[in-house]
Amino acid sequence: MDKPFAITLDPGSSLANHTGSWRTFRPEYVDRLPPCNAACPAGENIQGWLFHAEAGDYEKAWHALVENNPLPAIMGRVCYHPCEGGCNRQHVDSAVGINSVERFLGDEARKQGWKFAPPAAATGKRVLVVGSGPAGLSAAYHLTRMGHKAVIYEAGPLAGGMMRFGIPKYRLPRDVLDAEIQRLIDFGVEIQLQTKVTDVQQAMKDGFDAVFLGVGAHIAKRAYIPAGDANKVLDAVAVLRGMEGHDAPMLGRKVVVYGGGNTAIDVARTAKRLGAEEAIIVYRRTRDKMPAHDFEVEEALQEGISIKWLTTIKEAGESDIMVEKMALDDKGFPQPTGEFERIEADSVVLALGQDADLSLLENVPGLVVEGGMIKVDAGMMTGHPGVFAGGDMAGNERTVTVAVGHGKKAARAIDAWLRGEQYAPLPKAEIATIERMNSWYYSDAPKTVRPVLDIIRRQSTFEEVLGGLDETNALFEARRCMSCGNCFECDNCYGVCPDNAVIKLGPGKRFKFNFDYCKGCGICATECPCGAIRMVAEEN
Amino acid sequence: MLKQMEGSRAVAEAVAMCRPEVICAYPISPQTHIVEALGEMVKDGTLSPCEFINVESEFAAMSVAIGSSAAGARSYTATASQGLLFMAEAVYNASGLGLPIVMTVANRAIGAPINIWNDHSDALSQRDSGWLQLFAETNQEALDLHIQAFRLAEELSLPVMVCMDGFILTHAYERVDMPTQAQVDAYLPKYVPRQMLDPGEPVSIGAMVGPEAFMEVRYLAHAKQMEALELIPSYAAEFKSVFGRDSGGLTHTYRTEDAETIIVAMGSVLGTIKDVIDEMRDAGHKIGVLGITLFRPFPLARVRESLQGAKRVVVLEKSMAVGLGGILSTNVRMALSGLHMHGYTVIAGLGGRAITKKSLHGLFRQAEQDALEPLTFLDLDWNMVNKQLEREKAHRRSGPVAENLLRDVGVVAARNY
Amino acid sequence: MSFQPVKFYQTGTFTVGNRLLPPEERSVQASTKRFNSINSGHRACQGCGEALGARYAIDAAMEATDGQVIAANATGCLEVFSTPYPETSWQIPWIHSLFGNTAAVATGIAAALKVKGLTQTPRTRVVAQGGDGGTTDIGFGCLSGMFERNDDVLYICYDNGGYMNTGVQRSSATPPAARTATTMAVGPAPGNVFGQGKFLPAIAMAHEIPYVATATVADLRDLEAKVRRAMEFRGARYIHILVPCPLGWGTASHDTIKMARLAKETGIFPVFEAEHGEIKSVLAIRRPLPVEDYLRPQKRYAHLFGKTPAVETIAHIQALADKNIRKYGLQARKGDH
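Residues numbered from 1 in each chain as written. Chains lettered and ligands numbered in written order. Predicted model: local features only at pLDDT ≥ 70, side-chain atom pairs only at ≥ 80, totals over all residues. Heavy atoms only, no water.

### A short note on the overall build of chain A
Phase 1 of the analysis: Each helix and strand counted, chain A has 18 helices and 22 strands in total.
Phase 2 of the analysis: Overall size of chain A, expressed as C-alpha extent along the three principal axes, is 115 × 55 × 50 Å.
Phase 3 of the analysis: Sorting the 540 residues of chain A into buried and exposed places 57% on the buried side.
Phase 4 of the analysis: Counting contacts in chain A only where the partners sit at least 6 residues apart, residues at least 24 apart contribute 72% of the total.
Phase 5 of the analysis: Total accessible area computed for chain A in this model is approximately 21,600 Å², and 51% of it derives from carbon and sulfur atoms.
Phase 6 of the analysis: Charged side chains of chain A number 60 positive and 71 negative; the gap between the two group centres comes to 2 Å. (Helix = DSSP H or I, 4+ residues; strand = E, 2+ residues; numbered from the N terminus. Buried < 20%, exposed > 50% of the residue type's maximum accessible area, 1.4 Å probe, protein only. Contact = heavy atoms within 4.5 Å. Areas by Shrake-Rupley, 256 points an atom, 1.4 Å probe, with all protein chains shown as cover. Lys, Arg positive; Asp, Glu negative; His and termini not counted. Charge placed at Lys NZ, Arg CZ, Asp CG, Glu CD.)

What follows is the structure in structure tokens.
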């Protein structure tokens with residue numbers, strides 16, 4: 001075209017005008033720590049594996065999950081999911097059912113027979129792991145992944161520790177437990193059952209370069225209750241462990257459980273299933289002070305378990321117990337009122353917490369024990385070089401998830417130590433709080449409720465109470481994840497830029513800014529749903 | 001083929017033979033008959049393919065033409081008077097964008113007071129709009145100029161206004177020699193736009209141009225118009241070879257050889273002037289007339305050449321630069337700059353005032369004796385004017401001028417008491 | 001046991017893209033192959049809603065027509081910032097003629113396409129675009145004429161509520177109480193008058209043209225769907241897009257989309273579509289908000305929130321929003337995601 005001068009112009013010639021020079025602020029892509037990940041004691045990259053689940057690629061999701069936690073099917077049942085407590089989605093509608101998706105993935109892995117990715121090349125190093133509870137299994141798994149040889153010495157007849165001897169079947173079916181342990185064995189973890197370690201230093205002489213202790217806390221705490229000879233006063237650990245034997249414990253028709261933790265609930269629900277007409281939990285404080293998780297209390301109440309709040313047991317008689325009513329003082333502590341009451345009881349089960357058996361460490365120099373727990377540093381190493389510890393014996397928060405997390409952390413520290421290095425955890429990114437996000441973009445989608453086992457069956461059988469999600473609602477649930485703090489390639493920045501100054505790099509590659517044209521308006525940052533862009537002042 | 005027909009019809013048929021592709025029209029007297037005829041031809045299919053669009057204003061009419069021309073269609077519209085002023089912004093825009101639109105202006109006075117009759121105020125108000133302006137003397141010339149206008153416009157990529165006197169030409173039935181379609185096709189090539197809106201080759205038309213290039217753009221518009229001074233005579237010559245008659249060109253002289261007095265005028269009044277000149281020549285007066293066909297670009301050199309042998313020049317024009325005098329005469333004077341001769345400006349025929357042979361005889365004779373005022377208003381009723389001037393001196397609220405004058409003339413409708 | 005069927009994705013269709021959507025449901029703007037009809041290097045202010053709205057709309061039109069769009073543009077911000085000599089940002093055939101004649105220029109282009117293509121339904125389509133001044137004021141006559149003749153043109157008005165290009169003066173689309181350079185926040189009734197309103201979409205509907213819609217830059221998919229729908233019709237079509245102006249509204253450059261969202265969520269700006277003069281659908285409010293939430297971040301309403309808040313004026317504006325909600329049925333509905 002022989003175009004008229006000046007009034008007619010060639011298309012797109014404005015590219016010569018670099019409007020980036022106008023900028024006083026520049027956008028930057030950032031990765032922030034999602035609150036679920038931050039809250040996970042096992043250090044799972046929850047958002048990372050949900051990302052694959054959202055796309056329906058469950059195998060990839062499972063593989064991403066087991067990079068941090070080898071027990072998803074177990075975790076999906078017994079974890080108290082602090083991740084969901086941190087989940088930003090609760091500010092939109094309700095938290096993402098992370099735990100149920102985890103369980104779905106764990107179960108799917110069992111069904112499909114998925115295997116762990118092969119471990120790294122063998123290092124020739126051998127690590128002794130004492131105890132096959134969650135901490136031990138987790139440590140052994142991660143050490144194996146890194147190429148070390150992990151050998152577990154388990155004192156008991158079966159692997160699993162408190163997962164087997166402390167958690168009732170209706171919460172964790174044993175086939176699930178067995179399957180995940182078997183997968184670890186198949187992976188190369190060696191478990192020697194009925195091998196009790198009484199002297200760690202001696203055991204290490206079996207050719208081990210390091211040791212990880214995860215012996216748990218099996219010794220029930222007792223409270224002094226005057227009791228007649230005929231009365232049956234048992235401890236919760238013994239009752240729950242007894243459930244794994246051939247003969248179930250004899251608790252009688254009326255069972256009183258003393259305590260307010262999850263174990264007390266477990267025992268009461270177990271008693272109900274064993275045929276008790278009445279299972280009563282006696283707890284000295286109020287419901288809101290109860291350490292047991294609210295949903296477990298709720299399930300127990302649904303199953304007909306009664307709870308006497310603000311009550312202590314004064315004495316146990318032959319077929320009844322005497323309790324005293326308590327009242328909260330100004331500071332919220334329970335104080336005796338002098339009001340007494342008798343309750344019929346065939347047996348009393350004490351669920352007042354457990355202590356660790358630390359006898360195997362008696363001769364180890366450098367070890368420090370405080371408040372019944374072994375002291376460890378940031379890398380889970382005890383005061384004795386090369387001896388690491390985790391799980392219930394090394395922490396206040398005694399959950400399977402915390403133990404799995406300890407195991408992983410210890411494995412990393414052991415790996416470093418074996419290489420003569422100092423374990424240094426990676427610095428954590430700032431947390432992706434809801435204020436840093438734009439929650440408008442997330443569709444309203446309430447949490448999918450897991451199917452709950454019919455109430456009659458729950459009272460009489462040890463079948464699993466909570467069902468799993470099926471594929472459609474697991475997918476739905478996974479897709480409720482808001483990907484807090486990390487780009488999930490929603491294309492918003494690419495779309496909302498008035499200057500076409502965002503370059504889309506293609507699936508999985510995210511975006512970059514074209515600073516030749518970016519004027520620094522900041523719309524991309526404001527409209528980023530997940531808060532993965534921040535504006536920073538230009539220096540000049 | 002010789003035909004007796006109305007001027008508007010003749011123009012409409014000529015325009016139709018130029019195969020316009022988009023015609024947009026808004027009615028205003030005295031242009032209406034042209035677009036009515038074209039509208040009918042499009043509707044009954046005799047003019048096809050062509051889109052005829054009844055728009056809601058002259059501003060829209062020119063704007064539609066801008067759009068259609070920019071999209072590569074041969075585009076035509078027609079207007080007059082107020083309509084031309086109403087579209088003025090778009091008139092300038094069409095030339096600024098270099099769009100070869102052809103528009104008929106059926107010349108008519110501009111109000112207020114509103115007046116539907118002929119003068120040249122409308123077209124001349126747009127003399128600096130960047131359009132080429134051709135003035136027709138007769139219906140035949142009006143018809144012929146339209147055919148040349150399309151060729152000229154499209155060659156230069158500039159819009160062309162063909163001006164013909166309202167009513168005097170548009171509504172006059174005269175014999176015209178109507179060309180054949182084959183002749184027009186032979187003369188007027190298919191429109192090949194210089195620039196065009198085309199998804200296959202996108203451009204941005206109508207950029208904002210700042211001080212860094214605006215002067216250059218304006219100069220180029222001027223340079224382009226100047227090219228027309230070369231093109232027009234050759235197109236007129238070519239026209240003669242195809243159609244067998246003289247039409248168009250820059251100017252026409254009539255009996256100016258050895259003339260001491262030359263009258264200069266545009267449009268249909270040239271016919272009356274020629275009759276008077278014939279009669280005066282018969283009586284021995286050395287007088288002739290120069291008809292201006294091309295007003296923009298103004299053919300300065302040709303005008304100078306045509307007039308420089310005379311002793312005096314009388315520019316008789318149907319337009320007026322209020323506060324100055326004449327418009328055409330100002331242009332003619334520029335052509336004569338440095339030449340020592342008498343120059344007279346005669347304002348005549350405004351708002352349809354008849355220009356009679358009798359008045360012209362008197363006027364020209366006065367001119368020959370150099371007895372004319374430099375600025376003369378032909379057949380002005382001084383009595384009426386003076387009365388109003390007195391009224392205004394006497395009373396601050398002396399009433400509206402037009403109504404006062406009508407009352408003085410004695411128009412019945414104005415006698416409201 | 002019944003479960004919600006899986007038709008839900010992380011962000012549904014609120015975000016520009018969604019990797020979980022099948023390709024046919026993805027937005028034009030999410031594509032790396034989008035046209036960028038208006039390219040980088042334009043001179044719009046930081047955070048310009050009009051630049052964004054224009055790319056959204058024209059890219060959608062390009063997509064719907066397989067790249068066969070010619071645009072006519074009114075004088076105004078969009079024209080000035082996109083085509084200052086010697087650079088143009090447009091990648092499509094584009095013409096700017098005047099402020100008030102864009103609809104007519106578009107009519108001319110459409111006529112030319114018909115006659116050049118020897119068809120009443122040419123493949124190349126015409127889009128006219130202008131700001132609210134060029135549309136509701138100076139260009140209104142030509143626009144109404146184009147509507148009435150039902151010319152095959154999609155006219156898009158980018159409404160930022162004033163003459164921003166000339167320095168933020170009032171247009172007939174300036175909302176009541178808003179401060180502009182010609183309706184200053186002084187005197188007994190500061191800001192723009194509470195007139196009778198001149199809501200052009202309703203006027204367009206009164207012409208009973210095939211398609212009329214409103215949209216905002218905050219709802220990209222809705223906007224794109226409307227442009228696509230508009231392109232399914234022949235004849236005159238009108239889309240009125242609310243495009244916040246950081247300069248004229250006195251809002252932060254990064255809040256452009258947020259302001260559009262607030263306009264829709266408060267009911268100040270009804271988002272709907274109509275065919276042949278009848279409303280066919282409305283975009284319901286998702287999270288209802290008081291107009292104050294919309295007004296407060298804008299400096300053009302700062303005089304309403306001084307030491308003594310202009311409670312009555314705010315209530316008056318709220319009443320206008322409430323009327324919109326009633327009139328267009330914008331109430332939030334359950335189950336809308």
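### Overview of the domain arrangement of chain A
Phase 1 of the analysis: Looking at chain A, the domain boundaries give domain 1 (13–31 + 487–537), domain 2 (37–114 + 452–478), domain 3 (126–218 + 358–418) and domain 4 (221–354).
Phase 2 of the analysis: When each unit is reduced to the centre of its C-alpha atoms, the spacing between domain 1 of chain A and domain 3 of chain A is 48 Å. (Domains from an automatic or database assignment.)

### Observations concerning a nonpolar patch on the surface
Phase 1 of the analysis: Where nonpolar side chains cluster on the molecular surface, the patch consists of Phe 5 of chain A together with Tyr 219 and Leu 220 of chain B and spans about 310 Å² of accessible area.
Phase 2 of the analysis: You can see Phe 5 of chain A is positioned in the segment before strand S1 (8–9). (Patch = residues over 30% accessible without salt bridge, like charges linked within 9 Å, V, L, I, M, F, W, Y side chains within 5 Å. Salt bridge = Lys/Arg side-chain N within 4 Å of Asp/Glu carboxyl O.)

### As for the interface of chain A and chain C
Phase 1 of the analysis: On the side of chain C, 58 residues touch chain A, which itself brings 59 residues to the contact.
Phase 2 of the analysis: Taking both partners together, chain A and chain C bury about 5,000 Å²; carbon and sulfur atoms supply 54% of that area.
Phase 3 of the analysis: Looking only at chain A, the three residues that lose the most surface to chain C are Trp 440, Arg 479 and Asn 500 of chain A, adding up to 16% of its buried area.
Phase 4 of the analysis: Along the contact surface separating chain A from chain C lie 1 salt bridge.
Phase 5 of the analysis: Where Arg 261 of chain C meets Glu 527 of chain A, a salt bridge forms, and the shortest distance between an N and an O atom there is 3.0 Å.
Phase 6 of the analysis: Inspection of the chain A/chain C interface yields 32 residue pairs in polar contact (both at pLDDT 80 or more).
Phase 7 of the analysis: For the side of chain A that touches chain C, the secondary structure elements donating two or more residues are helix H2 (46–54), helix H16 (471–478), helix H17 (492–496) and helix H18 (523–527) of chain A.
Phase 8 of the analysis: Across the side of chain A that touches chain C, the residue classes tally to 29 nonpolar, 17 polar and 13 charged. (Buried area = accessible area lost by both parts, 1.4 Å probe. Polar contact = N/O pair within 3.5 Å; in protein donor to acceptor, adjacent residues only side chain to side chain. Nonpolar A, V, L, I, M, F, W, Y, C, P; charged D, E, K, R; others polar.)

### What to know about the packing of helix H10 (residues 269–282) of chain B against helix H13 (residues 357–368) of chain B
All names here are of chain B.
Phase 1 of the analysis: Their axes nearest at 10 Å, the elements H10 and H13 cross at an angle of 60°. It follows that H10 is oblique to H13 by the angle criterion. Every pair of crossing elements has a handedness; the one defined by H10 and H13 is right-handed. Seen from H10, the contacting residues are Thr 272, Ile 273, Asp 275, Val 276, Glu 279 and Met 280; seen from H13, they are Lys 357, Leu 360, His 361, Phe 364, Arg 365 and Glu 368.
Phase 2 of the analysis: For the contact of H10 with H13, the per-class residue count stands at 5 nonpolar, 2 polar and 5 charged. (Axes fitted to C-alpha atoms, helices over the stretch in contact; angles between N-to-C directions. Parallel < 35°, antiparallel > 145°, perpendicular 65-115°, else oblique. Left-handed = near helix turned anticlockwise from the far one by under 90°.)

### As for the sheet that holds strand S8 (residues 232–235) of chain A
All names here are of chain A.
Phase 1 of the analysis: Strand order in the open sheet formed by 5 strands is S8-S15-S9-S10-S11, and the pairing between neighbours is parallel. Strand pairing shows two members of the sheet lacking a second neighbour, S8 and strand S11 (306–308), which therefore form its edges. Adjacent strand axes in the sheet meet at a mean angle of 25°, parallel and antiparallel pairs treated alike.
Phase 2 of the analysis: Those strands touched by helix H12 (residues 262–273) are strand S9 (254–258), strand S10 (278–282) and strand S15 (347–350), and its axis lies near 170° from that of S10. (Pairing = 2+ DSSP bridges.)

### Quick word on the packing of aromatic side chains
Residues and elements named next belong to chain A.
Phase 1 of the analysis: By the definition in use, this model includes 30 aromatic pairs over all chains.
Phase 2 of the analysis: Taking 5.8 Å as the distance between ring centres and 45° as the angle between the ring planes, the aromatic pair formed by Phe 513 and Phe 515 counts as tilted.
Phase 3 of the analysis: Residue classification places Phe 513 among the buried positions, given a relative accessible area of 10%.
Phase 4 of the analysis: Taking relative accessible area as the criterion, Phe 515 reaches 26% and is therefore assigned partly exposed.
Phase 5 of the analysis: Ring pairing ties together the aromatic residues Trp 62, Trp 114, Phe 116, Tyr 141 and Phe 187, which thus form one cluster.
Phase 6 of the analysis: Taking NZ or CZ as reference, Arg 26 lies 4.2 Å from the ring centre of Phe 515, over its face. (Phe/Tyr/Trp six-rings, centres within 6.5 Å; stacked < 30°, edge-to-face > 60°. Lys NZ or Arg CZ within 6 Å of the ring centre and 35° of its normal.)

### Things to note about the interface of chain B and chain A
Phase 1 of the analysis: Listed by partner, the interface residues are 17 residues for chain B and 10 residues for chain A.
Phase 2 of the analysis: Counting every contact that joins chain B to chain A gives 0 salt bridges.
Phase 3 of the analysis: Those elements giving two or more residues to the side of chain B that touches chain A turn out to be strand S9 (204–205) and helix H9 (214–243) of chain B.
Phase 4 of the analysis: For the side of chain B that touches chain A, the element with the most residues is H9 of chain B, which contributes 3 residues.
Phase 5 of the analysis: A breakdown of the residues in the side of chain B that touches chain A according to their chemical character gives 10 nonpolar, 4 polar and 3 charged.
Phase 6 of the analysis: The pairing of S1 of chain A with S9 of chain B spans 2 bridges and is antiparallel. The partner of Leu 9 of chain A across the bridge, within S9 of chain B, is Ser 204 of chain B.

### Brief notes about the nonpolar core
Phase 1 of the analysis: Core analysis: the largest hydrophobic core is formed by 98 residues, its most contacted members being Met 62, Ile 66 and Val 332 of chain B together with Ile 95, Ile 109 and Tyr 238 of chain C.
Phase 2 of the analysis: The greatest single-element share of this core, amounting to 10 residues, is contributed by helix H3 (residues 102–117) of chain C.
Phase 3 of the analysis: A domain split of this core shows at least three residues from each of domain 1 (2–243) and domain 2 (252–377) of chain B.
Phase 4 of the analysis: Contact partners of Ile 109 of chain C, with chain neighbours within four places excluded, come to Gly 67, Ser 68, Ala 71 and Leu 197 of chain B together with Ile 70, Ala 72, Ile 95 and Val 126 of chain C.
Phase 5 of the analysis: Core analysis: the second largest hydrophobic core is formed by 69 residues, Ala 64, Ile 152, Ile 181 and Ala 411 of chain A among them. (Core = buried A, V, L, I, M, F, W, Y, C linked by side-chain atoms within 4.5 Å.)

### Looking at unusual backbone geometry
Phase 1 of the analysis: Ala 112 of chain B follows Gly 111 of chain B through a cis peptide bond whose omega is 0°.
Phase 2 of the analysis: Structurally, Ala 112 of chain B is set in the loop between strand S5 (102–107) and helix H6 (121–125).
Phase 3 of the analysis: Within the chain, Ser 483 of chain A stands out as a residue other than glycine whose phi angle is a positive 55°.
Phase 4 of the analysis: As for its placement among the helices and strands, Ser 483 of chain A is situated in the loop between H16 and H17.
Phase 5 of the analysis: Taking the relative accessible area as the measure of exposure, Ser 483 of chain A reaches 4% and is therefore buried.
Phase 6 of the analysis: Phi is positive for Asp 66 of chain C, close to 60°, though the residue is something other than glycine.
Phase 7 of the analysis: Within the fold, Asp 66 of chain C resides in the loop between helix H1 (49–65) and strand S1 (69–73).
Phase 8 of the analysis: For Asp 66 of chain C, a relative accessible area of 59% puts it in the exposed group.

### Concerning the side chain of Arg 237 of chain C
Residue and element names in this part refer to chain C.
Phase 1 of the analysis: Here Arg 237 is to be found in strand S6 (residues 237–242).
Phase 2 of the analysis: Overall, the relative accessible area of 0% leaves Arg 237 in the buried class.
Phase 3 of the analysis: A polar contact of 2.7 Å, which involves the side chain of Arg 237, links it to the backbone oxygen of Gly 235.
Phase 4 of the analysis: Apart from the residues within four sequence positions on either side, Arg 237 is in contact with Arg 125, Phe 147, Asp 152, Val 153, Leu 154, Tyr 155, Ile 209, Tyr 211, Ala 230 and Met 231.

### Observations concerning the confidence of the model for chain C
Phase 1 of the analysis: In this model, chain C carries an average pLDDT of 93, and 96% of its residues clear a pLDDT of 70 or more.
Phase 2 of the analysis: Scored below 50 in pLDDT, residues 1–8 of chain C shows 17 contacts in the model against residues more than four places distant or in partner chains. (pLDDT = per-residue confidence, 0-100.)

### Digging into the sheet that holds strand S6 (residues 210–213) of chain A
Pairing between the strands of a sheet comes from backbone hydrogen bonds, and it takes one of two forms, parallel or antiparallel.
Residues and elements named next belong to chain A.
Phase 1 of the analysis: The strand order S5-S4-S3-S6-S19 describes an open sheet built from 5 strands, whose pairing is parallel. Two strands lie at the open edges of the sheet, namely strand S5 (190–192) and strand S19 (387–389), each paired on one side alone. The average undirected angle you get between the axes of adjacent strands in this sheet is 20°.
Phase 2 of the analysis: The pairing of S6 with S19 spans 3 bridges and is classified as parallel. Bridging from a neighbouring strand, Phe 212 pairs with Phe 388 of S19.

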